[in-house]
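Letter by letter, the chains look like this.
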Amino acid sequence: MTDDLTAREPVLLSFGPGALGTAFGAGPDEQVQLVRPGARTSYPTDVLARLDADATAILARYPQPRSALLPLLHLVQAEDGYITPAGIDFCADVVGLTGAEVTAVATFYSMYRRGPTGDYLVGVCTNTLCAIMGGDAIESALQEHLGVESGGTTDDGAVTLEHVECNAACDYAPVIMVNWEFFDNQTPESARALVDALRRGDVPTPARGVAPCTFRETERILAGFPDPRDGVDDAPSAGDASLAGLRVAHEKGMYAPDPELPGNRE
Ligand code: FES
C-alpha cells in the first residue's frame, strides 16, 4: 500500500437501479445520467439575469446560502423542465458549492428529474397499499393507453408517466398525483379519463386542492414563489377519510397528552 493518492486507482460508484434505486434516489425506471444529449450546459444572458433575480429573492429567506439549495433546484427545474448541467452549475455558483455536491443533492431526491418532463407529471402510486388496491393495474393500463413506459412522455409533450412511492395518502388508495396534486381512489377507467382530459387541456379539479398548473409552473411554486391559482388558500387539504380518526377521538373525548405537563415530554 502507498499513501500517494495519485497512485491509487479511481473508485467509481454506480448510482441508480440496483444501487440507490429507492424512494429518495433514482427510481427503477429513471435515467441516472444528468448529462443528456441536448441538455443545456449554460444559460443565455437574459435567462441568467432572470434566474439571478429569482435566486436573490430565494437566498434572502435563508440564513446560509446553501440552505437555499432545494428551492434553487426547483427554480432551475422550472426553467428547464428537469435538472440540467446548466442548472447544476447555476445552483453551485449561487450557493458556493461544487457541482458534484449539488449533483449529490439533486440525485438524492426523486422530485428532481433527470429527463425532460411533460406539462403534467402523472405519478401512479405503486407502493404497498396503493398496489394492493389497484395501483399496479392502473400503471399498466396507463402505459398501454398512452403508449409509453414508466418515465416516458407522450408525443404531444402533455403527459409524463411515472410510478411514485407512497405520498401519505394511503387512506385514498390507489392515488395518482398530477404535478403533486392528489387524485384519489382511482381505477384504470378513471385514470384513462384523467390523462385524456389532461391531453385535451381540460384539467380536472382534484377532490382536495385545486386544479394542477403545468409542471414548470408547479416547480416555480415549489421554489417558493406565490401560487397564482384561484382558490388555492381555501381548498380542502384533508378529506373525510383522513379526518375520521379525529372525529372518533373527539366523540370519545380523547386528546393528545399535554406536552407541558410533567412526564409528558419524552
Ligand atoms: S401507498 Fe399510495 S399513498 Fe401510501
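Going by the structure above, here's the rest.
Analysis parameters
- Residues numbered from 1 in each chain as written.
- Predicted model: local features only at pLDDT ≥ 70, side-chain atom pairs only at ≥ 80, totals over all residues.
- Heavy atoms only, no water.
- Pairing = 2+ DSSP bridges.
- Helix = DSSP H or I, 4+ residues; strand = E, 2+ residues; numbered from the N terminus.
- Axes fitted to C-alpha atoms, helices over the stretch in contact; angles between N-to-C directions.
- Phe/Tyr/Trp six-rings, centres within 6.5 Å; stacked < 30°, edge-to-face > 60°.
- Buried < 20%, exposed > 50% of the residue type's maximum accessible area, 1.4 Å probe, protein only.
- Lys NZ or Arg CZ within 6 Å of the ring centre and 35° of its normal.
- Polar contact = N/O pair within 3.5 Å; in protein donor to acceptor, adjacent residues only side chain to side chain.
- Contact = heavy atoms within 4.5 Å.
- Salt bridge = Lys/Arg side-chain N within 4 Å of Asp/Glu carboxyl O.
- Core = buried A, V, L, I, M, F, W, Y, C linked by side-chain atoms within 4.5 Å.
- Parallel < 35°, antiparallel > 145°, perpendicular 65-115°, else oblique.
- Left-handed = near helix turned anticlockwise from the far one by under 90°.
- Nonpolar A, V, L, I, M, F, W, Y, C, P; charged D, E, K, R; others polar.

A. Inspection of the sheet that holds strand β4 (residues 181-183) at higher detail. The sheet built from four strands is open, its strands ordered β2-β1-β3-β4 with mixed pairing. The sheet is open, and its two edges are formed by β2 (159-164) and β4, each paired on a single side. The average undirected angle you get between the axes of adjacent strands in this sheet is 25 degrees. Relative to β2, strand β1 (residues 120-125) runs parallel, the two being bridged by six bridges. Across the sheet, Y120 pairs through a bridge with V159, a residue of β2.

B. Region of the structure containing the packing of aromatic side chains. According to the stated counting rule, one finds three aromatic pairs in the structure shown. Judged by centre distance (4.9 Å) and plane angle (85 degrees), the ring pair of F108 and Y109 falls under edge-to-face. Ring geometry for Y109 against Y112: centres 6.3 Å apart, planes inclined by 80 degrees, an arrangement best described as edge-to-face. Assessed through its relative accessible area of 33%, Y109 is described here as partly exposed. Given a relative accessible area of 3%, Y112 falls into the buried group. Ring pairing ties together the aromatic residues F108, Y109 and Y112, which thus form one cluster. Stacked on the ring of F182, the Lys or Arg R208 has its end atom at 4.5 Å from the ring centre. A cation over an aromatic ring shows up here: R220 above the ring of F225, its NZ or CZ 4.1 Å from the ring centre.

C. Summary view of the side chain of T160. On the secondary structure map, T160 appears in strand β2. Polar contacts involving the side chain of T160 include one to the side chain of T153, which spans 2.6 Å. With residues up to four places along the chain from it excluded, the contact list for T160 reads R113, P116, T117, G118, Y120, L121, V122, G151, G152 and T153.

D. Local environment of the pattern of salt bridges. Under the definition given, this model contains eleven salt bridges. R50 is paired through a salt bridge with E79; the nearest N and O atoms lie 2.7 Å apart. Of this pair, R50 sits in helix α1 (residues 45-59) while E79 sits in helix α2 (residues 69-80); the two residues are 29 residues apart in sequence, bridging distant segments of the chain. Among the salt bridges present, the one from D202 reaches R200, with a minimum N-O distance of 3.5 Å. Judged by its relative accessible area of 45%, D202 is partly exposed. When salt bridges that share partners are traced, they join R40, R50, E79 and D80 into one network.

E. Structural detail: unusual backbone geometry. Of note, the amide linkage connecting A173 to P174 takes the cis form, showing an omega dihedral of -5 degrees. Residue placement: P174 occurs in the loop between β2 and β3 (176-178). Of note in the backbone geometry, N179 takes a positive phi value of approximately 45 degrees without being a glycine. In this structure, N179 sits in the loop between β3 and β4. A positive phi angle, near 45 degrees, is found at N185, a position not held by glycine.

F. Representation of the nonpolar core in the model. Among the nonpolar cores identified, the biggest contains 24 residues, and L72, L73, L75 and V102 are the most heavily contacted of them. Counting residues per element, the ones that place at least two in this core are α1, α2, α3 (85-95) and α4 (99-106). Per-element accounting of this core gives the leading share, six residues, to α3. Apart from residues no more than four positions distant in its own chain, V102 is found in contact with L69, L73, I88, C91, A92 and L97. Membership of the second largest hydrophobic core comes to 17 residues, among which are I138, L142, A158 and V178.

G. Highlighting the packing of α3 against α4. The interhelical angle for the contact between α3 and α4, taken along N-to-C directions, is 115 degrees, at an axis separation of 9 Å. Classified by the angle their axes make, α3 and α4 are roughly perpendicular. α3 and α4 meet at a crossing whose hand is right-handed. The segment α3 lies against α4, with I88, C91 and A92 engaging G99, V102, T103 and A106. Classifying every residue of the contact of α3 with α4 gives five nonpolar, two polar and no charged.

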